[in-house]
Amino acid sequence: MPSVSAHVAATLSRSLDTVFGVMGNGNAYFLDALERDTAARFVAVRHEAAGVAAADAYFRASGRIAAATATYGAGFTNTLTALAEAVQARTPLVLLVGDEPTSGPRPWGVDQIALADGVGARTYSVGHRDAAATVAIAIEHAHTYRVPVVLAIPYDLATRDAGPIPATADPVPDPQLPPRTPFAEAVLDGIVAALAGARRPVLLGGRGAWLAGAGAVLGDLAEATGALTASTALGRGLFPDARFDLGVAGGFGAPGAMALVREADVAVVFGAALNQFTMRFGELFAPGARVFQVDVAPTATHPNVGGYVRGDAAEVAGEILRRFRARGARPSDWRHSVDVAAARQQEPGAGTGPDGRLDPRSAAQRLAELLPEDRVVVSDGGHFLGWSNMYWPVASPDRMIMVGTAYQSIGLGFPSVPGAAVARPESTIVLTTGDGGGLMALADLETAVRVAGGRGIAVVWNDAQYGAEVNNYGVKGLALDPMLIPEVDFAAVARGFGAEGVVVRTVADLDAVAEWTARSPEERPFLLLDLRVSGAVIAPFWQEIAHAG
Ligand SMILES: Cc1ncc(C[n+]2csc(CCOP(=O)(O)OP(=O)(O)O)c2C)c(N)n1
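How each quantity is defined
- Residues numbered from 1 in each chain as written.
- Predicted model: local features only at pLDDT ≥ 70, side-chain atom pairs only at ≥ 80, totals over all residues.
- Heavy atoms only, no water.
- Phe/Tyr/Trp six-rings, centres within 6.5 Å; stacked < 30°, edge-to-face > 60°.
- Buried < 20%, exposed > 50% of the residue type's maximum accessible area, 1.4 Å probe, protein only.
- Helix = DSSP H or I, 4+ residues; strand = E, 2+ residues; numbered from the N terminus.
- Lys NZ or Arg CZ within 6 Å of the ring centre and 35° of its normal.
- Contact = heavy atoms within 4.5 Å.
- Pairing = 2+ DSSP bridges.
- Near = heavy atom within 4 Å.
- Polar contact = N/O pair within 3.5 Å; in protein donor to acceptor, adjacent residues only side chain to side chain.
- Areas by Shrake-Rupley, 256 points an atom, 1.4 Å probe, with all protein chains shown as cover.
- Salt bridge = Lys/Arg side-chain N within 4 Å of Asp/Glu carboxyl O.

**Remarks on the packing of aromatic side chains**
Enumeration according to the criterion identifies six aromatic pairs in this entry. Aromatic side chains Phe277 and Phe281 sit 5.9 Å apart centroid to centroid with 90 degrees between the ring planes, which places their arrangement in the edge-to-face category. Residue classification places Phe281 among the partly exposed residues on the basis of a relative accessible area of 28%. A ring pair is formed by Trp392 and Trp461, whose centres lie 6.3 Å apart and whose planes are at 35 degrees; its orientation type is tilted. Here the residue Trp392 occupies a position in the loop between α16 (385–391) and β14 (400–401), and Trp461 occupies one in strand β16 (residues 456–462), the gap between them amounting to 69 residues. A relative accessible area of 0% means that Trp392 is categorised as buried. By relative accessible area, which is 2% here, Trp461 ends up buried. Looking at Arg106, its charged tip hangs above the ring of Tyr72, at a distance of 4.7 Å from the centre.

Spelled out as structure tokens, the structure:
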């Protein structure tokens, strides 16, 4: 008779096809059933945090749910940082773990349900009679609430007979938004009137607008109103007409583009949380600009918002467009009177920094020319975040994946690569990471090299320091030693894992990328670029952070 583990594997594999993780006592029988009896694919990672980060990146890159798996106890606690990130970023995924036996904890047990609860994740524990149904309910919960869930198999139940595997209904994600209130209807009319009278309108879109499939209707609304457009870092590439798009709003934005946003008299924001970075710590819009927000959150998410409509970004944008047209309103001609392409230009860089090391801006700009266009960028966190976000355009929001930024964690970059690589088998996966975050996650450089292979590039911004900390606290005179990292030869380390490793000291050294792309993915290994960059060139977004204190 099939065991509880077989019930879990079979039911899980009806809803998802990929499981990332590390095996141990608590999930051995689950993985055995998954490998033998289902068509799902298991991708081994080297640290349990990577299982969750990879499942997270998989969802962000594909919109499909994946699972992570870890054993009980130490395997589970190793997942917690990545699990917290998935909670904060609202990524649906399933974390399948072993747990203490139904007879109670053993000396090495910890209260896993409390720990998961502590980071905001709900646990579903399977029983020997309800395993399949519990799996289906857990997956539906993850979809509906856009959250990670933990699915626990008590140790003594893993091998217990559970009878024939029952059919379960397919999980149906069914998030419900309350109907628009009369008050919100009036705000909607207010948005339409404001746009109709605007001289310098701006539409700003975020990841929520992308998830709602609002790109096309927002493009129509921008055209009808004559608005310039901009996106958040997670909404990049949302608007279809690049000619009138100012790029990313906030600290990653080009100075000229942000000056134009600051001139806006009316701004309507769709599906963006308006965090402090997007809002440039309150400075994005000028005082007096009328700012409206449309989002699924219960209330407006920034004090500068003057009118809020709760709703689906695509539906509300469509309604605004319909009312705008019904009113016979004319577009503003602002977008035709400004040079958007010039405004989008970023600082070109000087080749080398004041210390003679590579200027990261020059390297980023050259890499933008060399990296394959069909790329998915995966990013760790740190000061270097500015370079990819400022200089590398991506085609759509699901091609810039920043696992770690919601929880402000570093060290989830290499772990995210296998998730993106499996989710997007046709694309080149480009990791951007610091030396600090890269070292923290080094075990899963092995996974990245193995899984992404000749479709993977890692760009390591190696400044021999925790640059973010130097720029936060070094500049205040705090002791520097804890902020420094010996210069690690990442290129040599990568070769040890089977990758091609290239030390990059000058912009010309980046020609190695052209040689690499000239070969077919089957003929080349993973490429790691060890960029020996200057720590003295500070990204503008970090100056904003430092200024805000
Ligand atoms: C897990 C975790 N540990 C520590 C920090 C604090 N922290 C934030 S940025 C940073 C430095 C990152 O250094 P690196 O990856 O080299 O990138 P750089 O800032 O130099 O560009 C540190 C230590 C954090 N955010 N997350």
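**Description of helix α17 (residues 413–423)**
Taken across its eleven residues, α17 has eleven buried, putting it largely inside the fold. Those residues of α17 that fall on the buried side of the exposure criterion are Gly413, Phe414, Pro415, Ser416, Val417, Pro418, Gly419, Ala420, Ala421, Val422 and Ala423.

**Things to note about the environment of Leu284**
With respect to the secondary-structure elements, Leu284 resides in the loop between β10 (266–270) and β11 (290–295). Residue Leu284 is classed as buried on the basis of its relative accessible area of 0%. Sequence spacing of Leu284 and His47 is 237 residues, and the spatial spacing of their C-alpha atoms is 40 Å. Apart from the residues within four sequence positions on either side, Leu284 is in contact with Leu204, Ala249, Gly250, Met258, Val261, Arg262, Thr278 and Met279.

**As for unusual backbone geometry**
The phi dihedral of Leu274 falls on the positive side, at around 55 degrees, and the residue is not glycine. Given a relative accessible area of 3%, Leu274 falls into the buried group. Unlike most non-glycine residues, Arg280 shows phi in positive territory, near 45 degrees. Note that Arg280 resides in the loop between β10 and β11. Overall, the relative accessible area of 24% leaves Arg280 in the partly exposed class.

**Comments concerning the pairing of strand β13 (residues 375–379)**
Residues in a regular strand project their side chains so that they alternate between the two faces of the sheet. Summarising burial for β13: five of the five residues are buried, a large majority. Here β13 shows no split at all, with Arg375, Val377 and Ser379 on one side and Val376 and Val378 on the other all buried. Bridge count for β13 against strand β15 (residues 428–434) is five bridges, and the pairing is parallel. Considered in β15, the bridge of Val378 is made with Leu431.

**Side note on the site of the ligand**
The local shell around the ligand holds 17 residues, among which Asp435, Gly436, Gly437, Gly467 and Ala468 are the closest. Between an oxygen atom of the ligand and a main-chain N or O atom of Gly436, the distance comes to 2.7 Å. Measuring from an oxygen atom of the ligand, one finds a backbone N or O atom of Gln465 at 3.1 Å. Contact with the protein chains covers 78% of the free accessible surface of the ligand, which is 580 Å². At the level of secondary structure, the elements contributing two or more residues to the shell around the ligand comprise α18 (435–440) and α20 (467–472).

**Concerning the pattern of salt bridges**
On inspection of all chains with the given rule, the structure shows 25 salt bridges. Glu487 is the salt-bridge partner of Arg357, the closest N and O atoms lying 2.7 Å from each other. You can see Arg357 sitting in the loop between α14 (340–343) and α15 (360–370) and its partner Glu487 sitting in the loop between α20 and α21 (490–496), a full 130 residues away along the chain. On the basis of relative accessible area, Arg357 is assigned to the partly exposed category, the value being 24%. Taking relative accessible area as the criterion, Glu487 reaches 40% and is therefore assigned partly exposed. Arg366 is the partner of Asp511 in a salt bridge, and the nearest nitrogen-oxygen pair spans 3.4 Å.

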